[in-house]
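# Chains, contacts and geometry: an overview
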Amino acid sequence: MAQIRLYMTMSLDGYVVGPQDSTDNPMGIDGFRLFDWLDRRNDPGPSSEVYAESLATRALISGRRTYEHANHWQGDHHDGVPIFVLTHDVPDGPPPGSVRFVTDVRECASQARTAAGDGDVMVHGAGAAQSLLLARELDELELHVVPVLLGQGRRLFDNLPPEHIELDLVRRVTTPDEELPQRVTHLRYRVLRP
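From a predicted model like this one, the values you see are computed outputs, not experimental measurements. (Residues numbered from 1 in each chain as written. Predicted model: local features only at pLDDT ≥ 70, side-chain atom pairs only at ≥ 80, totals over all residues. Heavy atoms only, no water.)

## Remarks on the sheet that holds strand 3 (residues 59–63)
- Pairing within the open sheet is mixed, and its eight strands lie in the order 5-4-3-6-1-7-10-9. Two strands in the sheet have a free side with no partner beyond their single neighbour: strand 5 (99–102) and strand 9 (167–174). Taken over all neighbouring pairs, the strand axes of this sheet differ in orientation by 25 degrees on average, direction set aside.
- The pairing of strand 3 with strand 6 (residues 121–124) spans four bridges and is parallel. In the sheet register, Ser 62 faces strand 6, and the bridge partner there is His 124.
- Set on the sheet, helix 4 (residues 126–134) makes contact with strand 1 (4–11), strand 3, strand 4 (83–86), strand 6 and strand 10 (185–191); between it and strand 6 the angle comes to about 120 degrees. (Pairing = 2+ DSSP bridges. Helix = DSSP H or I, 4+ residues; strand = E, 2+ residues; numbered from the N terminus. Axes fitted to C-alpha atoms, helices over the stretch in contact; angles between N-to-C directions. Contact = heavy atoms within 4.5 Å.)

## Some words on the pairing of strand 3
- For strand 3, the tally of buried residues reaches five of five residues, placing the bulk of the element in the interior.
- Residues Ala 59, Ile 61 and Gly 63 point to one face of strand 3 and Leu 60 and Ser 62 to the other, with burial holding for every one of them.
- Note: strand 3 against strand 4, four bridges, orientation parallel. Bridge pairing links Ile 61 to Phe 84 in strand 4.
- The handedness of the strand 3 to strand 4 crossover, carried by helix 2 (residues 64–69), is right-handed. (Buried < 20%, exposed > 50% of the residue type's maximum accessible area, 1.4 Å probe, protein only. Right-handed = clockwise from strand over helix to strand, strands pointing away.)

## Remarks on the nonpolar core
- By size, the foremost hydrophobic cluster in this structure holds 31 residues, and its most contacted members are Leu 6, Ile 61 and Leu 156.
- Not counting residues within four places of it along the chain, the set of residues in contact with Leu 6 comprises Val 123, Gly 125, Ala 129, Leu 138, Glu 140, Leu 141, Glu 142, Leu 143 and Leu 156.
- Among the nonpolar cores identified, the runner-up in size contains 10 residues, and Met 27, Trp 37, Leu 38 and Val 148 belong to it. (Core = buried A, V, L, I, M, F, W, Y, C linked by side-chain atoms within 4.5 Å.)

Right, dumping it as structure tokens:
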């Protein structure tokens, strides 16, 4: 069965965007600093390997906010994979490219797993990640932790209830030889089920 894996870059203090993010400023104030590690995505090394793994996924689940802030990826996130946007309200009009809007988190996960076949499903967005976690549909978290403190913005796990969720670290790779802006620690955790 396809694994549903969150891929998110975050600051050390847990922010995935800087303050005052909007569709006009999707990463907020100074939030694009979180993606400097992608400057090395085509160079040999850990960041390239992790990036290639993400692009090998066969379906994508995104939160509506992330989808809007990414300008809908013009209907194609990577290689034409199906994009499932988890939303409370389905917009009028046909979605672009391979996009489908889904209002139920379990149905969204089921459709994405089916579409991915023997591949994996990528997840983007704090809201989608939290919904999938609470529904026990998120299998793994691939977190790209950047050594910077943003201080404000939107945190990845801000709206979770006080429920205990155990994680098992299955991979940790760092880029210690990179220049400071490209340094990142890639952490993969498996979500443990009770």
